[in-house]
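# Topology and contacts: notes
The chain contents come next:
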Amino acid sequence: MIKIEPFTIVGISEIGPSSFNNSEGSGAKFADTVWQKFIPMVLNAGLSSQRVMYGVSWPADANVPPQEIHYFAGFELKPGEPSAGFKSLDITGGNYFAHTYIGSMANIDMGFMDAYTVALPGSGLSNREGQHLEVYPANYDPAAPEITFQILIPVE
C-alpha cells in the first residue's frame, strides 16, 4: 500500500467505456482515443510530453464494476508553465494499492482486470470509493512492444 498526497493536474476529460465494459477491447480503445487527442494538445501548447502523465478514472454509472467511466488524461504543471486552457482536476489522494502493468498495449484491458480481480483481492486490502490512477513514466512510449506503468487502486 502506498499513500498519495493530494495534488492537482491539468488535462482533458471524457466519458466512455471502462476496461470491464461488455464490449471487448472498448476500454482500451476509449482511453487510447483520449490520449491521442490529448498529446497533440500538449505539443501544440508548446509543452513537452516527456513528463509523468496520469490517467484518472471514476465510475460514470451505478454498475459494479462500472461499464462507463469518467476518464481524465493529464499532468502536473511545472512552475511557470501556462495551463494552455486545459481543465484542472484535484487528485484527492489517500491510500492506494499499487500494481505494475508490464505487457503489450493490446492486452491492457486484461492487465486492468488482473489488477482488480486477482492482485487486489490477493493483497488482502479492501477497495474504497475514490479516483483510480494510472501513472505513466516520462519515458513512456505507447508504441513500444512492451509498456510499463502503475495502476493505483484506492484502498482503505
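Since the model is a prediction, treat every value here as computed from it, not as a measurement.

Strand order in the open sheet formed by eight strands is S1-S6-S8-S7-S3-S4-S2-S5, and the pairing between neighbours is antiparallel. In the strand order of this sheet, the two ends are held by strand S1 (2-4) and strand S5 (87-91), each with one partner. Ignoring which end each strand starts from, the neighbouring axes of this sheet average 40 degrees apart. One ladder, built from five bridges, connects strand S3 (residues 53-59) with strand S7 (residues 132-136); its direction is antiparallel. The residue bridging Ser57 from the neighbouring strand is His132, located in S7. Against the sheet, helix H1 (residues 26-44) engages strand S2 (7-17), S3, strand S4 (68-75) and S7, with an angle of about 135 degrees to S2.

With respect to the helices, strands and loops of the structure, Ala84 is situated in the loop between S4 and S5. Between the C-alpha atoms of Ala84 and Val42, which are 42 residues apart in sequence, the distance is 8.2 Å.

Considered as a void within the structure, the largest pocket measures approximately 1,100 Å³ in volume. What lines the largest pocket is a set of 48 residues, among which Ser57, Ile69, Tyr71, Phe112 and Glu134 lie closest to the centre. For the lining of the largest pocket, the secondary-structure elements that each account for two or more residues are H1, S3, S4, helix H2 (108-123) and S7. Examining the composition of the lining of the largest pocket, we find that nine residues originate from one element, H1, more than from any other.

Analysis parameters
Residues numbered from 1 in each chain as written. Predicted model: local features only at pLDDT ≥ 70, side-chain atom pairs only at ≥ 80, totals over all residues. Heavy atoms only, no water. Pairing = 2+ DSSP bridges. Helix = DSSP H or I, 4+ residues; strand = E, 2+ residues; numbered from the N terminus. Axes fitted to C-alpha atoms, helices over the stretch in contact; angles between N-to-C directions. Contact = heavy atoms within 4.5 Å. 1 Å grid on protein atoms, 1.4 Å probe; cavity = no way out; pocket = protein on both sides within 12 Å on 5 of 7 lines; lining within 4 Å. Points joined across faces, edges and corners; volume = space filled by probe spheres on them.

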